[in-house]
Amino acid sequence: MSGTKYVDSEGFLYTAPIREQGNIYKPNNKMMADELNEKAVHDVHTKEIDLVNRDPKHLNDDVVKIDFEDVIAEPEGTHSFDGIWKASFTTFTVTKYWFYRLLSAIFGIPMALIWGIYFAILSFLHIWAVVPCIRSYLIEIQCISRVYSICIHTFCDPLFEAIGKMFSSIRATVRKEI
């Protein structure tokens, strides 16, 4: 908006207010435009992913780091042939590696689709249903709690004060007879 003057339908002369900050999408002042240009806009849909560290938050550290030694172990005194042990190790490791790759190639994208839909529904329900219901409940329960508090203070407080005064005049003495 500018500081220009205009006439309304009734013939009154008005000065339009001057907006200093401007629209966030089209800033009027240079300082705001520079701030927007300096900030890097990060889009979660097109962000760069790390192909080396694929578990940066360490979600699966204790679950899927299973090695041959964690599954198969020969105690002292019962050892197979060294060649069998080496072949078993290689078979286990290579099978686990390639079968995981095969499963992730076949089911990775469909599972990502299913989990994406699931978390989208979960987010939608949380944003549009759960939080508003909780807020509504808290607003309603606040009103009910005030009415309940008034009823308790009106009816119960005098009763308990009267009972307290009755029992406050009771004196107990203990005598020891021999």
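Residues numbered from 1 in each chain as written. Predicted model: local features only at pLDDT ≥ 70, side-chain atom pairs only at ≥ 80, totals over all residues. Heavy atoms only, no water.

Q: Account for the overall build of the chain, with residues named and values stated.
A: When helices and strands are tallied, the chain shows three helices and two strands. When burial is assessed residue by residue, the chain has 2% of its 178 residues classed as buried. Of the contacts formed within the chain by residues at least 6 apart in sequence, a portion of 10% connects residues at least 24 apart. Split by element, the accessible area of the chain, about 17300 Å² in all, is 66% carbon and sulfur. (Helix = DSSP H or I, 4+ residues; strand = E, 2+ residues; numbered from the N terminus. Buried < 20%, exposed > 50% of the residue type's maximum accessible area, 1.4 Å probe, protein only. Contact = heavy atoms within 4.5 Å. Areas by Shrake-Rupley, 256 points an atom, 1.4 Å probe, with all protein chains shown as cover.)

Q: Describe in detail the packing of aromatic side chains, supporting the description with residues and values.
A: All chains considered together, the criterion is met by seven aromatic pairs. Relative to Phe-89, the ring of Phe-68 lies with its centre 5.5 Å away and its plane at 90°, an arrangement referred to as edge-to-face. Here Phe-89 lies in helix α3 (residues 82-168) and Phe-68 lies in helix α2 (residues 68-71), a separation of 21 residues in the sequence. Arranged with centres 5.3 Å apart and planes meeting at 90°, the rings of Tyr-97 and Trp-98 form a pair that is edge-to-face. Since its relative accessible area comes to 41%, Tyr-97 is described here as partly exposed. (Phe/Tyr/Trp six-rings, centres within 6.5 Å; stacked < 30°, edge-to-face > 60°.)

Q: Give a detailed account of α3, specifying residues and quantitative values.
A: An α-helix turns once per 3.6 residues; consequently, residues spaced three or four apart project the same way. The terminal C-alpha atoms of α3, which comprises 87 residues, lie only 89 Å apart, well short of the 129 Å expected from a rise of 1.5 Å per residue. By the largest-angle criterion, Phe-107 marks the main kink of α3, which is about 50°, and a proline, Pro-110, follows within four residues. (Expected span 1.5 Å × (residues − 1). Bend = angle between axes of the 7 residues up to and from the residue.)

Q: Go over the UniProt feature "transmembrane region" (unreviewed entry) in the chain, please, and point to the residues and values.
A: UniProt records the feature "transmembrane region" (unreviewed entry) for residues 102-129 in the present numbering. The span residues 102-129 is 100% helix and 0% strand, and its two end C-alpha atoms sit 39 Å from each other. (UniProt positions renumbered as here; feature names shortened; annotations may be inferred.)

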